[in-house]
Amino acid sequence: MASKTERIQFLRAVRQLHRVRSFYAAGVLLWAASAAWTGWQAPGSRQMWVSVLLLAVFTALLATAGLSLRRLSVPPTGRPVHHATSHKAASTRHVHA
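What comes next is a walk through the structure. Owing to the predicted nature of the structure, the values given are computational and were not obtained by experimental measurement.

So, on to the overall build of the protein. If you tally the helices and strands in the protein, you get three helices and zero strands. Of the regular secondary structure in the protein, the N- to C-terminal order runs α-α-α. Here the protein holds 97 residues, and 13% of them are scored as buried. If you take every contact in the protein between residues at least 6 apart in sequence, the share linking residues at least 24 apart comes to 63%. Summing over all exposed atoms, the protein offers an accessible surface of approximately 8,100 Å²; the carbon and sulfur share of this is 66%.

Let us now look at the nonpolar core. Counting seven residues, the largest nonpolar core consists of V14, L17, Y24, V28, F58, A65 and L69. Looking at which element gives the most residues to this core, the answer is helix α1 (residues 4–41), with four residues. Excluding residues within four positions of it along the chain, V14 makes contact with L69 and L72.

What follows concerns a nonpolar patch on the surface. A cluster of nonpolar side chains, namely L53, V57 and L61, defines an oily patch on the protein surface of about 240 Å² accessible area. Relative to the helices and strands, V57 resides in helix α2 (residues 46–73).

Look at α2: 41 Å from first C-alpha to last across 28 residues, which is about the 40 Å you get at 1.5 Å a residue. For α2, the elements touching its buried residues are α1.

Right, let's talk about α1 for a bit. Taking 1.5 Å as the rise per residue, α1 with 38 residues should run 56 Å; its terminal C-alpha atoms sit 55 Å apart, in good agreement. As for α1, its buried residues are in contact with α2.

Counted according to the given criterion, the structure contains three aromatic pairs. Taken together, a centroid distance of 6.0 Å and an interplanar angle of 55 degrees make the contact between F23 and Y24 tilted. Since its relative accessible area comes to 54%, F23 is described here as exposed. Aromatic pair Y24 and F58: ring centres 6.1 Å apart, planes at 80 degrees, arrangement edge-to-face. Taken together, the residues Y24 in helix α1 and F58 in helix α2 connect sequence positions 34 residues apart. Neither Y24 nor F58 differs from the other in exposure class; each is buried. An aromatic cluster is defined as three or more aromatic residues linked by ring pairs; in this entry it consists of F23, Y24 and F58.

Procedures and definitions
Residues numbered from 1 in each chain as written. Predicted model: local features only at pLDDT ≥ 70, side-chain atom pairs only at ≥ 80, totals over all residues. Heavy atoms only, no water. Helix = DSSP H or I, 4+ residues; strand = E, 2+ residues; numbered from the N terminus. Buried < 20%, exposed > 50% of the residue type's maximum accessible area, 1.4 Å probe, protein only. Contact = heavy atoms within 4.5 Å. Areas by Shrake-Rupley, 256 points an atom, 1.4 Å probe, with all protein chains shown as cover. Core = buried A, V, L, I, M, F, W, Y, C linked by side-chain atoms within 4.5 Å. Patch = residues over 30% accessible without salt bridge, like charges linked within 9 Å, V, L, I, M, F, W, Y side chains within 5 Å. Salt bridge = Lys/Arg side-chain N within 4 Å of Asp/Glu carboxyl O. Expected span 1.5 Å × (residues − 1). Phe/Tyr/Trp six-rings, centres within 6.5 Å; stacked < 30°, edge-to-face > 60°.

In structure tokens form, the structure reads like this:
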């Protein structure tokens, strides 16, 4: 069983990943808009390619954060972690042989 401090650190890491993921999503939207705008105004310009490059970087960071969150939220048993589930309901089921 994990210690209480390990559990707190785990929850902090998950919260941080949620914040970072939303920041990266905002970056993807910003750079997509910038790439579209500069592509419309000056197709093939250096500014457009820089915007496309930053869009690709933020997209990769967003995908990495999403994969990390997915791995952290599913334990090795394959069941998703759900803290709102009642432990009482799971313990009331009895198997009769």
